[in-house]
Amino acid sequence: MSQRTFSIIKPDAVRKGYTGAILAEIEKAGFKIVSIKKISISRAQAEGFYHVHAARPFFGELTEFMSSGPIVPLILEKKNAIADLRTLMGATDPAKAEEGTIRKKFAASIGENAIHGSDAADTAEFEIGYFFAGYELK
Ligand code: GDP
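Residues numbered from 1 in each chain as written. Predicted model: local features only at pLDDT ≥ 70, side-chain atom pairs only at ≥ 80, totals over all residues. Heavy atoms only, no water.

## Examining the overall build of the protein chain
Thought 1: Of regular secondary structure, the protein chain possesses seven helices and four strands.
Thought 2: Ordered by position in the sequence, the α and β elements of the protein chain form the string β-α-α-β-α-α-β-α-α-β-α.
Thought 3: Taking 14 Å as the expected radius of gyration for a compact globule of 138 residues, we find that the protein chain reaches 14 Å, a close match to that expectation.
Thought 4: With the C-alpha coordinates aligned to their principal axes, the bounding extent of the protein chain is approximately 40 × 35 × 25 Å.
Thought 5: Taking all 138 residues of the protein chain together, the buried fraction comes to 45%.
Thought 6: Across the protein chain, contacts joining residues at least 24 apart in sequence account for 77% of those joining residues at least 6 apart.
Thought 7: For the protein chain, the accessible surface area stands at approximately 7,000 Å², while carbon and sulfur atoms represent 55% of it. (Helix = DSSP H or I, 4+ residues; strand = E, 2+ residues; numbered from the N terminus. Rg over C-alpha atoms; globule rule 2.2 N^0.38 Å. Buried < 20%, exposed > 50% of the residue type's maximum accessible area, 1.4 Å probe, protein only. Contact = heavy atoms within 4.5 Å. Areas by Shrake-Rupley, 256 points an atom, 1.4 Å probe, with all protein chains shown as cover.)

## Comments concerning the site of the ligand
Thought 1: Neighbouring the ligand are K10, H53, R56, F58, E61, L62, R86, T92, R103, I110, G111 and N113.
Thought 2: Contact distances for the ligand include 3.2 Å between an oxygen atom and a side-chain N or O atom of H53.
Thought 3: In this structure, an oxygen atom belonging to the ligand sits 2.6 Å away from a side-chain N or O atom of T92.
Thought 4: Taken atom by atom, the bulk of the ligand overlaps the largest pocket.
Thought 5: Here the shell around the ligand is composed, by residue class, of three nonpolar, four polar and five charged. (Near = heavy atom within 4 Å. Polar contact = N/O pair within 3.5 Å; in protein donor to acceptor, adjacent residues only side chain to side chain. 1 Å grid on protein atoms, 1.4 Å probe; cavity = no way out; pocket = protein on both sides within 12 Å on 5 of 7 lines; lining within 4 Å. Sits in = over half its atoms within 2 Å of the grid points. Nonpolar A, V, L, I, M, F, W, Y, C, P; charged D, E, K, R; others polar.)

## Here's the deal with the sheet that holds strand β2 (residues 32-36)
Thought 1: Sheet architecture is open: four strands sit in the order β2-β3-β1-β4, paired in antiparallel fashion. Taken across any chain shown, the strands that pair with only one partner, and hence form the sheet edges, are β2 and β4 (115-117). The sheet shows a mean angle of 30 degrees between the axes of neighbouring strands, taken without regard to direction.
Thought 2: Across eight bridges, strand β1 (residues 2-9) lies against strand β3 (residues 72-79) in antiparallel orientation. What sits directly across from Q3, in β3, is K78.
Thought 3: Here helix α2 (residues 19-28) sits on the sheet and contacts β1, β2, β3 and β4; the angle it forms with β3, its principal contact strand, is near 15 degrees. (Pairing = 2+ DSSP bridges. Axes fitted to C-alpha atoms, helices over the stretch in contact; angles between N-to-C directions.)

## Thoughts on helix α5 (residues 81-89)
Thought 1: All of the buried residues in α5 are A81, I82, L85, L88 and M89. Buried residues along α5 cover an arc of 130 degrees about the axis, so they all sit on one side.
Thought 2: The elements touched by buried residues of α5 are β1, α2, β3, α6 (102-106), β4 and α7 (121-131).
Thought 3: The first or second residue beyond α5 is G90, which carries a positive phi of 90 degrees. (Arc of directions from axis to C-beta.)

Now the structure itself:
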């Protein structure tokens, strides 16, 4: 049965012109792009999205980074989408990411790491709803 997950091409990757290359990796891995847009978000919007990390020492850096330039939020669909996207992304720290993963290819550091992907079904549902309205869910 197919599953939906939520992803963001982060500001570092958009700034460096990697959007198309990352989308190609995603499609090559068998994901259908259900919805896509390019937007900029405020610091407060980034804080709302990452509320589960509010107590972490990097919260300030993370929310400043995520509001530093355009991002590309995505809804993706395939069988086992949530786990498979996490595998395709690679480890949070690109220095530890496996060969062939998006973070290995396109990320520079643990903070500026090119891509976000939901880590579970309940977070995917919250994250899709945070960035996409009902009429954008095809
Ligand atoms: P993910 O699920 O692999 O994205 O990783 P986490 O859920 O642990 O962290 C969320 C995001 O916070 C990561 O993707 C990074 O952008 C950022 N982050 C995590 N750890 C650090 C850190 O040590 N420093 C900074 N600046 N950002 C971090």
